[in-house]
Structure formats: structure tokens, C-alpha cells
Amino acid sequence: MQRFIVFLSVCLLLVGCGKPKPIVVIPEPVDCTPKKGAFVINNETYLCFDNLEESGREFSKVVSDGFKQLLKVNLNLGDEDSQRNNYILFELNDKSDDNLGEEGYTLVVKRNRVIAKANTPAGLFYAYQTLLQLTYPSQLANEKKMEIPCCKITDKPRFAYRGAHLDVSRHFFDVNFVKHYIDIMAAYKLNKFHWHLTDDHGWRIQIDRYPELTKIGAWRPERSSWDTLHPVLPEEPCTYGGYYTKAQIRDIVEYAAARHIDIIPEIEIPGHCSAILATYPQYACDDYPYTVAVGPYWPPKAIMCAGNDDVLTFYKNVLDEVAELFPYPYIHIGGDEAFNDNWQVCPKCQQRIADKHLADETDLQRWLMNEIEQHLTTLGKKAIMWDDIVSDDMVNKCAVMCWQGLDVAKTAAKHGNEVILCPTSHCYFNFYQADPETEPLAMTGLITLEKAYSFDPVPEGLTKEQQKKILGGQCNLWTEFINTPEQAEYMLLPRLCALAECVWTPADKKDYKNFTQRLDYHKPFLPTANQ
Ligand code: ACM
Ligand code: ZN
């Protein structure tokens, strides 16, 4: 009996000492070997940086602020060598480790130290994100000490392009929310922010040469019911909307860069242009009284006149200013859902078709997009277009963003174009995530968490060479039915976590059940807009 009691006491003690904490990183790393024991973060822990030079100052601030915010500990900053007993070291490799590439890292957690190594500051940043997540189980257990389970992680992304899109035209989201969105992306190792800045429902970017765009085109009436189709009345005051000044945009670009996120601005051409035509009706083919659109839909006939040289000049002037604001080489120039009814009956557009020996209105759009693409080339920029441009005989050299499915992505990759995937089948997070009966109003369509998780950006049937054209994937958050930061987050999370694993983790390591178990540890930490 006595022996049994001793045995029981030892068992209880072992349980009390805590089982090793699970490793719950999202996206799942390429390789992770758990080891015995744990590193304990406390007020004695030193944070050290080696080899970081210029970029180091910014990074050390991001890291120490992050630890303070999430772990509620103020870590001491030290130098790398320390004979210290308890330190976390971030170190850039002297000699590049080919295995890790541009964004990979290694993270070794031992009982007395944590060592993160990478070839680039981006790699170290991802090591830091992993480290934060390794603390989740300990934080949830509410223990006095914060433990990081000992392990060795070697990690790098499957795709170079890991994106999230935000539509700020249908509803405007302020600078604070955009930064918050960027923080969410950074936490899950996404690195491309696609900023949908112009559409029928509002023009959201200051352009010095065309100040009326933001005086008129950024504003519409505030309606109590959004789901209405009746047009704007002349007596209705246009008080709802907003736009980003150039200073705000520069600030956001810098904020994103510190988190290793590039920003791709989108200027829609030649459709989705009611906000432009409300401002400059002379750029339309007809004399319809265009207004900034209200309600979740838009006048499908709104299209810029492709036969009017002033329209080309307008777009080129706008893009000159856009190119100056955004350092990333790619600019998105739209091209989706350009209904060409007006072009079919516009004398100027028909004249253009004749002059340029074009086959039809579809060909006219290709010509127009090509003109703009050429202009971007003179600015040292590359164009991204929606996949509406793709055809069997396509000539455009742009990167193609595929929303309509994997077949169109395949065609584009076979043509040698770079391809980014965000099909409506898996990546439209404005669609319902559960039974519409129990959910707030959203765009028709259902993408459950499991469906989102089943996304694979590489279409079947491509050769190895063609597969290299697939840059990666992204989720899209269109905001026709999303008008608050809280609703945006509700739609985004946790589906963004699933998307992150689809674009980072090797396909053969993905496992939905295991993902949902890890996700349980993340839910209490998913950022909220009101934080
Ligand atoms: C799109 O959803 N029209 C790109
Ligand atoms: Zn026209």
C-alpha cells in the first residue's frame, strides 16, 4: 500500500511539473524536432542581436515591443556573447545557408538559450513570430513562469508570394485598421498586402494632379440601409467615405516594410470606375449621370472610354504618382469585370478599334491594358492584372491574378506569365464561412475553414518549368458586406490562418485535424481590432 502511495505521489508530481508543452506553430514549420525540457522567459532573460547592422535597430524594437505586448515582460537588451544563462539571440548568418533561402530560419531552443539564425532580416522576423507562438500553451496554462518547449526548427516558405487583399473602396478602413491588418498578416508570415484602393464605391488615394478625385470620388451618401439599389439623389449629402493622404500611405508602407510586407496598390482599369466618372464625367463613353456607387452593387455599364486619349493620359498621370509612393515593383491595374456595352456603341471606341486594327472590344481592352503596362515598364514597374485578361492567344507579359479558377491559372502559366492564385472557390473570405441562416449577411458562396484549408495554389497538369510560374496565393476580403473593423476580422479569422498554412507549409505536411488542434491554442491570441 505504502509503495502504491509513493508511486501515486510521483505520478501526481510529474503531472504537476507539467507535461512538455505542445508545439503549436501556424503555419506548420517544414521541420520541427521536439527536445526534452524548456526555456523559461523571465525578467532575467536577455535579448541579443548579432550581425544585424542597419536593419537591426528597427528589428530589435519590433521584437522587444512584441515581447512586452504579448508576454508582458520587459526583456533586457544585451550583446551577443554573454556568458549569460538565459538569453535569446537573433543572428544573421555570416555565410549564406543555401538551405534557408531568402526567408527561411533555424530556431534552436535549449534550456538556457534560444538561438535564431537566418540569411536575411526577413528570416529572423519569421523566427521571432514562431518564438511568440511557442509561448501560447504556457501562457494559456497561466503559469507563473513562461516556458518555451525545447526544440529544433528549420523552416522556410513554400511560396514567395503569400498575400492578403483588402478592399477599402466598398467601405473605407482607417490607417489604424490597415496597420492592424498588416499585424495580423505578419503574425502568420504573409508578406504581400494587396490594397484595393479604387472602385465604384470610392476613390481612396490622394493624387496631387487630380485633387477632385478625393474631394468628390471618395464620398457618397450615408444610407441607413446599405442593401439598397436606388441611385444617389441630387439633394443627398455625400458624407460617408474617406481616403488616405500621401503622408499616411508613406507611413503605412514603412510600417509594412518593418514587418517584411510589400504593398501592391491596385488602381482599377477600365471598369469599376463609377467614382472616377462621378468626378470626371468626360471620361465616359456616354452622358449617363454617374455617381459614386451606393449599395453592394454597381452600374455594370461604368467603363472608361478607351477611344479617348485623355483617359490614357489620366491613368498614366495617376500611375506616375502611385509608382512614386510604393517601392514594390508590382502595381495591380485591375482589368476585371469590364463590361464593354458602352464601347460597342461609342464612336470614339469604334474608331480606336479601326485605327489599331483590333478584332473587337475584347481586343480593345487588351490594347488598353497593354498601353498602361508599357507605361509602367517605363517607370520600372511590372503590372499585375486580374485573370479576365487571359486568353489562348494572350500577349500581355503581366503577372496574372487568378480569381476565376485553376484552369485559367493553368492557361496563364503555360503562356509563361507569372501567376498568383486567389480562386473564389477557396480564397474569397467575404463569402459565408458557415450556414448563412446563422451568419451575418455576407456575399453569396460558402468557404468553410476546412475548404479554405484545402487550397493548393498549384494547378494539376503543369510541367516543372510551368509550376515555377506560380508565385503563390492570397485571400481576398471584398467589403461590400463588411463595414466595420470587427466584421472584417470576423470574416478574416481564422480563415487567414488556414490560407497561411496553404502558402507556407509543404503540401505533404498539411493535416486539417492537426491544424485545428494547433488553432485552438491560437484562438485566444488572435488579434482583435480593439486591442
Ligand atoms: C473580382 O472578384 N472581380 C476580381
Ligand atoms: Zn468610348
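Please refer to the structure placed before this passage.
As a starting point, this report considers the structure included with it. Every chain's residues receive numbers from 1 upward, in the order its sequence appears when written. Throughout, the order in which chains and ligands are written sets their labels, letters from A for the former and numbers from 1 for the latter. Only residues with pLDDT of at least 70 are given local features in this predicted model, and only at 80 or more are side-chain atom pairs given and counted; all residues enter the totals for whole chains, interfaces and linings. No hydrogens and no water enter the side-chain calculation; it runs on all heavy atoms of the structure.

## Examining unusual backbone geometry
The phi torsion of most residues other than glycine is negative, and most of the peptide bonds are trans.
Phase 1 of the analysis: With an omega of -10°, the peptide bond between I269 and P270 qualifies as cis.
Phase 2 of the analysis: A cis geometry characterises the amide bond from L493 onward to P494, with omega recorded as 10°.
Phase 3 of the analysis: For the purposes of this entry, the term helix denotes a DSSP run of H or I that reaches at least four residues, the term strand denotes a run of E that reaches at least two, and both are numbered from the N terminus. Within the fold, P494 resides in the loop between α16 (485-492) and α17 (495-504).
Phase 4 of the analysis: Here the phi dihedral of H272 falls at roughly 45°; this positive angle occurs in a residue that is not glycine.

## Remarks on the coordination of the zinc ion (ligand 2)
Phase 1 of the analysis: Because no water is among the atoms considered, metal sites can look incomplete, with donors defined as N, O and S atoms within 2.8 Å of the metal, or 3.2 Å for Na, K and Ca. The zinc ion (ligand 2) binds to the protein through C285 (SG), C305 (SG), C346 (SG) and C349 (SG), with metal-donor distances spanning 2.3 to 2.4 Å.
Phase 2 of the analysis: Each donor residue of the zinc ion (ligand 2) lies on one chain, and together they are spaced C-x19-C-x40-C-x2-C. Of this pair, C285 sits in the loop between α8 (274-279) and α9 (309-325) while C305 sits in the loop between α8 and α9, placing them 20 residues apart in sequence.

## Let's talk about the sheet that holds strand β18 (residues 419-421)
Phase 1 of the analysis: Pairing is parallel in the closed barrel, where eight strands are placed in the order β8-β9-β14-β15-β16-β17-β18-β21. Sheet twist, expressed as the mean angle between neighbouring strand axes with direction ignored, is 30°.
Phase 2 of the analysis: Here strand β9 (residues 192-196) pairs with strand β14 (residues 262-269) via five bridges, running parallel. Counted as the bridge partner of H194 is I264 from β14. At least two bridges found by DSSP between two strands are what make those strands a pair. To obtain each axis, a line is fitted to C-alpha atoms, and for helices this fit is confined to the stretch in contact; angles are then taken between N-to-C directions over 0 to 180 degrees.

## Here we look at α17
Phase 1 of the analysis: For the exposure calls, accessible area comes from a 1.4 Å probe over protein chains only, and a residue counts as buried if that area is under 20% of its type's maximum, exposed if over 50%, partly exposed in between. Across the ten residues that make up α17, a large majority, ten, are buried.
Phase 2 of the analysis: Among the residues making up α17, those that are buried are R495, L496, C497, A498, L499, A500, E501, C502, V503 and W504.

## Examining the pattern of salt bridges
Pairing between side chains becomes possible if they bear opposite charge and their charged atoms approach one another.
Phase 1 of the analysis: Salt bridges, as used here, are contacts in which a Lys or Arg side-chain nitrogen is within 4 Å of a carboxyl oxygen on Asp or Glu. Taken as a whole and assessed by the stated rule, the structure comprises 20 salt bridges.
Phase 2 of the analysis: Salt-bridge contacts for R162 lead to E103; the nearest nitrogen and oxygen are separated by 2.8 Å. Placement of the pair is R162 in strand β8 (residues 161-167) and E103 in the loop between β4 (87-92) and β5 (105-109), with a sequence separation of 59 residues. Across the pair, exposure class does not vary: R162 and E103 are buried alike.
Phase 3 of the analysis: Of the charged contacts in the structure, one is a salt bridge between R170 and E480, with a shortest N-O distance of 3.5 Å.

## A closer look at the nonpolar core
Across soluble globular proteins, you tend to see nonpolar side chains buried next to one another.
Phase 1 of the analysis: By convention a nonpolar core is built from buried Ala, Val, Leu, Ile, Met, Phe, Trp, Tyr and Cys residues, the set being connected through side-chain atoms within 4.5 Å. Residues F67, F90, W195 and F314 are the most contacted members of the largest nonpolar core, which totals 166 residues.
Phase 2 of the analysis: Setting aside its immediate chain neighbours within four residues, F90 contacts L47, C48, F49, D50, L52, F59, V63, A116, L124, Y128 and L131. Residue contacts are defined here by distance: any two heavy atoms, one from each residue, within 4.5 Å place the two residues in contact.

## Digging into the packing of α17 against helix α18 (residues 512-522)
To describe two helices that pack against each other, one gives the angle between their axes and the distance between the axes.
Phase 1 of the analysis: Taken N-terminus to C-terminus, the directions of α17 and α18 make an angle of 130°; their axes are 11 Å apart at the nearest point. With respect to their mutual orientation, α17 and α18 come out oblique. Here α17 and α18 pass one another in a crossing that is right-handed. Across from C497, A498 and E501 in α17, the residues of α18 making contact are F515, R518 and L519. In what follows, roughly perpendicular refers to angles from 65 to 115 degrees, roughly parallel to angles under 35, roughly antiparallel to angles over 145, and oblique to any angle outside these ranges. By convention, the crossing between two helices is left-handed when the near helix turns anticlockwise from the far helix through less than a right angle, and right-handed when the turn is clockwise.

## Some points on the sheet that holds strand β6 (residues 113-118)
Phase 1 of the analysis: As summarised here, the arrangement of the seven strands in space is β1-β7-β5-β6-β4-β2-β3, forming an open sheet in which the pairing is mixed. Two strands bound the open sheet, and with one partner strand each, they are β1 (31-41) and β3 (76-78). Mean inter-strand twist for the sheet, computed between neighbouring axes without regard to direction, equals 20°.
Phase 2 of the analysis: Bridge count for β5 against β6 is five bridges, and the pairing is antiparallel. Note on β6: the bridge partner recorded for Y105 is A118.
Phase 3 of the analysis: Sitting on the sheet, helix α3 (residues 121-134) touches β4, β5, β6 and β7 (146-155), and the angle it makes with β5 is about 40°.

## A closer look at the packing of aromatic side chains
Phase 1 of the analysis: Geometry of aromatic contacts follows a simple scheme: Phe, Tyr and Trp rings, the Trp one being its six-membered ring, pair when their centres are within 6.5 Å, and the pair is stacked under 30 degrees between planes, edge-to-face over 60, tilted otherwise. In total, this model carries 32 aromatic pairs according to the counting rule given.
Phase 2 of the analysis: Plain terms: the ring middles of W403 and Y428 are 6.5 Å apart, the flat faces sit at 25° to each other, and that makes the pair stacked. Taken together, the positions of W403 in the loop between β17 (399-402) and α13 (406-414) and Y428 in the loop between β18 and β19 (431-432) put the pair 25 residues apart, joining distant regions of the chain.
Phase 3 of the analysis: The exposure class of W403 is buried, given its relative accessible area of 15%.
Phase 4 of the analysis: An aromatic cluster is defined as three or more aromatic residues linked by ring pairs; in this entry it consists of F49, F59, F67, F90, F125, Y126, Y128 and W504.

Read these as spatial facts, not as claims about activity.
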